[in-house]
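# Examining the three-dimensional arrangement
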Amino acid sequence: MNQKRKKNLYFLIGIYLIFFLFLIYFFFFNFKKENSLNKKKIELFKKELIKNNLMKTQELKKMKEKEVIIENNVLKLSFSTIGGNIKNLFLKKNPKISIETDNFSLLKENSSLFGLEFTNKFGKKIETYKLEFIPEIQEDLFKYTINMHAQLEPNVYIDYVYVVYKGNNYYIDFFIKSKGLYEYVSKNSLNFEWSQKILNLEKEKTIEKKYTNISFRINSKKNKINFFDKKKSSFKELDNLYWIANKQQFFASILCFKNQLTIDNSKKILIYSENLNSDSELKFSELKIPFLLKKEEELNCDYKWYFGPLDYHILKQSKDGFEQIIPFGKGIAKVLNRYFFLNLFELFEKANINSGIIIILMTIVVKLLLSPITYSQYKFNFFMQNFLMQTKLFLNPQILIEFYKKIGINPIYSLLGNMIQIPIFYSLMNFFPTLINLRGKRFLWAKNLSYSDRILNLNFNIPIYGNHISLFNIFNILILFFFPKIRNRKKFSKTKRIYILFYIMMLFFFNNYPSGIYIYYISSNIINILFYSLIDFSLKEFKIPII
């Protein structure tokens, strides 16, 4: 190959590399601005909140309480007469989300605490989580209404009203009502507080922690969702709040404010998030809303709770944008996952077949849809490698264009094929670990398609690689390694060392990927071998047209 051809080849390779790096930057990196509050303020707030929450939990354990048990088809709740809180919340057995027992605890032993805090007209600090509430239960054909009543004075009381709907309903309506509170509360101001210790529910705690986060929406009209930094302590000050969600990998606790919050304009709504190092807890979340009572006004708060799975269709029923907390990715990846991969998976799921088989069928569908582009891309590469680089056609653009027309290929497809593959890869990277339909589903030796298959657990941790061996990962690399040999490509022998290094890197970096991704790419690579072998055979007797 002469110097001009080499320069042109290097130029093309450089363009591809720049484009590829740009896509990686665009899809995989999301730089966020640092929190405007300084670290000292965060640390002070952190110490105060965790100390207060610990004291609340300890005090509640000392108090004598009674529990009110309410159930529908999907939830079992216990309400405590001390504080009027939901003390325990169990998700019931559900094959769709692989809950095998009715004792699956989303909230456990006051891991979620909410209440009002204020100073009364006598200067005494009142915290409703310490108050005794008297329960009153009403039932009709559609719902249970639980009224938790706390009498502060003969003419002063606070009511927490829960409405639990019968059937398969994860939503709970919640009201706070009062009488005589304006005259009873000092300076007409009080705080609404909700704190939660987000529990570890999955066996793969490291992966679950990666997908555990706090998110919120400020305005009911604007559809923008804000997410906290997962790795750091985070602190937000807001002027308004529509809903806040404490999300695990597959489940969430969401509080939505149906009516406009009347807050003290001199203060801010505070949200705080902190990672926990406990064996059973992942994260601590605290919300504090400063209410201001106007003259002769009573509390009349209309809220909505959601306690349940991150199921796209169930969350969308709220019409409040709850479904956006499912981490389907960003941009085109989000669109692909919501409107293509999710619908495709659920379509095959209706046939009641194994989830691993569904992923293989999804791979076949994707490959069929991409086959025209794949064929044109491969045909272009075939002629580049076998003909154009060995002739002077490559140096004459006009002749080259005529040649492309005669053999029926479009060089744009070569670039287009790479452009399509990258967002699909990124989409599936977000799809399989967050799809609740795959939670606990088995295929071959993989016990959970949401996590990597563990053919062997190690007693030590290898940096980047992890503490286990994934057999799917090894199979995928072996297929890639033997792929050129199956197609009788001897040219790889000259760059053998580079490819061996590439496979070793893949072995390390891909070891912790979910089993669902491995199944997709193993199936994809096998289809590629068959497809490319067929193309090789069809082009074997191809005669170069005369220009």
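Residues numbered from 1 in each chain as written. Predicted model: local features only at pLDDT ≥ 70, side-chain atom pairs only at ≥ 80, totals over all residues. Heavy atoms only, no water.

### A look at the sheet that holds strand 2 (residues 75-80)
Heads up, the rule is: At least two bridges found by DSSP between two strands are what make those strands a pair. The secondary structure listing takes helices from DSSP runs of H or I that are at least 4 residues long and strands from runs of E that are at least 2 residues long, numbered from the N terminus. Under this scheme, a helix contributes an axis fitted over its contacting stretch, all axes are lines through C-alpha atoms, and angles between N-to-C directions fall in the 0 to 180 degree range.
With antiparallel pairing, four strands are arranged side by side in an open sheet as 1-2-3-4. Both outer strands of the open sheet, strand 1 (67-71) and strand 4 (104-107), are each paired with one neighbouring strand and no more. Between one strand and the next, the sheet's axes are offset by a mean angle of 25°, whatever the strand orientation. Sheet topology places strand 2 next to strand 3 (residues 86-91); five bridges connect them, and they run antiparallel. The partner of K76 across the bridge, within strand 3, is F90.

### Focus: unusual backbone geometry
With the exception of glycine, most residues fall at negative phi, and the peptide bonds are largely trans. Of note, N352 is a non-glycine position whose phi angle comes to about 60°, a positive value. Its place among the elements puts N352 in the loop between helix 6 (332-349) and helix 7 (355-386). Despite not being glycine, L444 has its phi angle at roughly 55°, a positive value. Counting through the fold element by element, L444 comes out in the loop between helix 9 (412-434) and strand 20 (456-462).

### Remarks on the sheet that holds strand 8 (residues 143-153)
If you walk across this open sheet you meet the nine strands as 7-8-9-10-19-16-15-12-13, and the pairing is antiparallel. One side of each edge strand has no neighbouring strand; the edge strands of this open sheet are strand 7 (134-139) and strand 13 (226-227). Two strands pair when backbone bridges link them, and strand 12 (residues 213-217) and strand 13 are joined in this way by two bridges, in the antiparallel orientation. Across the sheet, the residue bridging to F216 is N226, located in strand 13.

### Details of the packing of aromatic side chains
Going by this rule: Aromatic contacts are taken between Phe, Tyr and Trp rings whose centres are within 6.5 Å, Trp giving its six-membered ring; a plane angle under 30 degrees counts as stacked, one over 60 as edge-to-face, and the others as tilted. For the exposure calls, accessible area comes from a 1.4 Å probe over protein chains only, and a residue counts as buried if that area is under 20% of its type's maximum, exposed if over 50%, partly exposed in between. Lysine and arginine charges are scored as sitting over a ring when NZ or CZ, respectively, is within 6 Å of the ring centre and within 35 degrees of the ring normal.
As enumerated under the stated definition, the model contains 32 aromatic pairs in all. Pairing Y162 with F174 gives two aromatic rings, centres 4.9 Å apart and planes at 35°, and the pair type is tilted. Here Y162, found in strand 9 (residues 156-165), pairs with F174, found in strand 10 (residues 171-179); they are twelve residues apart in sequence, far enough to count as distant. Overall, Y162 belongs to the buried group, its relative accessible area being 0%. Taking the centre distance of 5.3 Å and the plane angle of 85° together, the rings of W243 and F322 count as edge-to-face. Here F322 lies in the loop between helix 5 (312-316) and helix 6 and W243 lies in strand 15 (residues 243-247), a separation of 79 residues in the sequence. You'll find W243 and F322 in the same group, each marked buried. Seen from the ring of Y144, K166 lies directly overhead, with NZ or CZ sitting 5.1 Å from the centre.

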